[in-house]
Amino acid sequence: MDYVIGDVQGCFDSLQALLKKINFNEDRDRLHFLGDVVNRGNKSLETLRFIYSLKDNANMVLGNHDFHLLVCALTPKKPNRKDTFLDILNSTDKSSLLDYLLTRPLFTEYKDALFVHAGIPPQWNEFDVIENAELVHQSLRGNNPGEFLSKMYKNEPVLFKNELTKEEKCRYTINALMRIRFCKQNGELEFNHKLNTNMNPTGFKAWFLHSNRALKDKEIFFGHWSTLKGVDVNNIFALDHGCVWGERLTAYNLSNKTFTSQKSLERS
Ligand SMILES: [Mn+2]
């Protein structure tokens, strides 16, 4: 079986309880993680080690917290006081765990399903996503990921144009695929709001609510937005169910199309 799992954020105990519920078998089943596997929760190191140990039976796309961990590990930037991944930065197997994250993509496909951490801007078709996600992926796997990462921490540009430099394209792509919530139809990003979809800032909508979205016919699975409630949009699967905030961790079975949730064991 193939399962898609929303934001774990270091909630290792909830993850193990969820896997027990679905009778996960690491020789037979595959897990597709939607990113933000670390940070804010209490067991980032155990979580990342576990996912790494599953080898080809786990896939993951990078989330903004995974990315922030890489930035803190490979650039002069320091973790902030809410970050709970110091266990990873201090671990003896840090370099293999960081290499694992550096080789994770921002976007993957499995059969008809697309996986991404936060979402896909409405103006982008599949080719656009693949092309731009690949630009970032290559730079992360290049000779100097630290130098690349140090240039990626900025909210600009908010709009994608073909004339942008490679660096600007990468920055837009990282912000879009890992952080998008509200945007305009043309893909203009906005980072100040994280409430439910009816709390949209003027002129903006949740990325998946734009009527002319290029990827309307594809199933898109994403996490990142734990305050989303009651999303009922065709082909849209919002899987961050707020485990680290005391709510649930959810797995979606791609074969029989069923959801299984585990109540958070970290904060209840
Ligand atoms: Mn996130």
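Residues numbered from 1 in each chain as written. Predicted model: local features only at pLDDT ≥ 70, side-chain atom pairs only at ≥ 80, totals over all residues. Heavy atoms only, no water.

**Digging into the overall build of the protein chain**
Next up, step 1: If you tally the helices and strands in the protein chain, you get eight helices and eleven strands.
Next up, step 2: A compact globule built from 268 residues would reach a C-alpha radius of gyration of about 18 Å, and the protein chain, at 17 Å, matches this within 12%.
Next up, step 3: C-alpha extents for the protein chain along the principal axes are approximately 45 × 40 × 35 Å.
Next up, step 4: For the protein chain, restricting intrachain contacts to residue pairs at least 6 apart in sequence, the fraction spanning at least 24 positions comes to 67%.
Next up, step 5: Put simply, the protein chain shows about 12,200 Å² of open surface, and 46% of that area lies on carbon and sulfur atoms.
Next up, step 6: In the protein chain, 35 side chains carry a positive charge and 33 a negative one; their mean positions are 4 Å apart. (Helix = DSSP H or I, 4+ residues; strand = E, 2+ residues; numbered from the N terminus. Rg over C-alpha atoms; globule rule 2.2 N^0.38 Å. Contact = heavy atoms within 4.5 Å. Areas by Shrake-Rupley, 256 points an atom, 1.4 Å probe, with all protein chains shown as cover. Lys, Arg positive; Asp, Glu negative; His and termini not counted. Charge placed at Lys NZ, Arg CZ, Asp CG, Glu CD.)

**What to know about the coordination of the manganese ion**
Next up, step 1: Asp-36 (OD), Asn-64 (OD1), His-117 (NE2) and His-224 (ND1) make up the full set of protein donors to the manganese ion, lying at 2.1 to 2.2 Å.
Next up, step 2: In the primary sequence, the donor residues of the manganese ion line up as D-x27-N-x52-H-x106-H. On the criterion of sequence distance, the pair formed by Asp-36 in the loop between strand S2 (30–33) and helix H2 (44–53) and His-117 in the loop between strand S5 (113–116) and helix H6 (126–140) is long-range, its members being 81 residues apart. (Donors = N, O, S within 2.8 Å, 3.2 Å for Na, K, Ca; no water.)

**Examining the sheet that holds strand S9 (residues 236–238)**
Next up, step 1: One open sheet holds the four strands; their spatial order is S4-S5-S8-S9, and the pairing between them is mixed. On the outer flanks of this sheet lie strand S4 (107–110) and S9, each paired with one strand and no other. Averaged over all neighbouring strand pairs, the angle between strand axes comes to 20°, with direction disregarded.
Next up, step 2: Summarising the sheet, S5 and strand S8 (residues 219–222) pair through three bridges and their orientation is parallel. Residue pairing for S8: Leu-114 is matched across the bridge by Ile-220.
Next up, step 3: Strand contacts of H6: S4 and S5, with the helix running at about 130° to S4, the strand carrying the most contacts. (Pairing = 2+ DSSP bridges. Axes fitted to C-alpha atoms, helices over the stretch in contact; angles between N-to-C directions.)

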